[in-house]
Amino acid sequence: MSTQYKIAVVGPQDLVSGFRALGVDVFDAEKGETALEAIKKIKRMTSREQTGTNDEARYAAVFVIDSLVNDIPEDEYLKATEGALPSVITIPGLNADKEAGTRKLRQLTEKAIGSDILSND
């Protein structure tokens, strides 16, 4: 029997509700604190499914609007998103900081390989 994985998106209802038409589970969050609680809930649901104690959804990926992630203290965000599943990915909102994605990618690559290989310097 194969495992069925789902996708979730976390963000303001008016921005993410269209994802429902694609079969994505939508978690409404207007503030960073609410987004953090949604991420934790999704992680718990996935974790319980893995141990066989709950028949709720198992999520492979969670997309979170970047402005909400920016409102979450980094240490809390890292703690809530650790582990393999679900993978938590930030996506740009309507008023996205165009440099934020590059900064995040630079941080991730530096963490992974120990050097900033994306610098133009």
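Everything that follows concerns the structure shown earlier in this document.
Attention in this report is confined to the structure presented alongside it. Small disclaimer: the values here were computed from a predicted structure and weren't measured.

**Side note on the overall build of the protein chain**
1) Next: Check the secondary structure of the protein chain and you find five helices and four strands.
2) Next: Starting at the N terminus, the α and β elements of the protein chain follow one another as β-α-β-α-β-α-α-β-α.
3) Next: The proportion of buried residues among the 121 residues of the protein chain is 33%.
4) Next: Relative to all contacts within the protein chain whose residues are 6 or more apart in sequence, the contacts with residues 24 or more apart total 61%.
5) Next: Of the roughly 8000 Å² of accessible surface on the protein chain, 50% is carried by carbon and sulfur atoms.

**As for helix α4 (residues 74-81)**
1) Next: Every buried residue of α4 is listed here: Y77, A80 and T81. Buried residues of α4, viewed axially, fall in a sector of 90 degrees; they line one side. Summarising the geometry of α4, the exposed residues directed more than 90 degrees from the buried face are D75 and K79.
2) Next: Downstream of α4 by one or two residues, G83 has phi in the positive range, about 105 degrees.

**A short note on the pattern of salt bridges**
1) Next: Evaluation of the coordinates by the stated rule reveals two salt bridges.
2) Next: Notably, a salt bridge pairs D25 with K6, separated by 2.9 Å at the nearest N-O pair. Taken together, the residues span a long stretch of sequence, with D25 in strand β2 (residues 25-28) and K6 in strand β1 (residues 6-11) at a distance of 19 residues.
3) Next: Residue E37 is joined to K40 by a salt bridge in which the shortest nitrogen-to-oxygen separation is 3.9 Å. With a gap of three residues between them, E37 and K40 both fall in helix α2 (residues 32-51), about one helical turn apart.
4) Next: A relative accessible area of 44% places E37 in the partly exposed class.
5) Next: Given a relative accessible area of 31%, K40 falls into the partly exposed group.

Parameters and conventions
- Residues numbered from 1 in each chain as written.
- Predicted model: local features only at pLDDT ≥ 70, side-chain atom pairs only at ≥ 80, totals over all residues.
- Heavy atoms only, no water.
- Helix = DSSP H or I, 4+ residues; strand = E, 2+ residues; numbered from the N terminus.
- Buried < 20%, exposed > 50% of the residue type's maximum accessible area, 1.4 Å probe, protein only.
- Contact = heavy atoms within 4.5 Å.
- Areas by Shrake-Rupley, 256 points an atom, 1.4 Å probe, with all protein chains shown as cover.
- Arc of directions from axis to C-beta.
- Salt bridge = Lys/Arg side-chain N within 4 Å of Asp/Glu carboxyl O.

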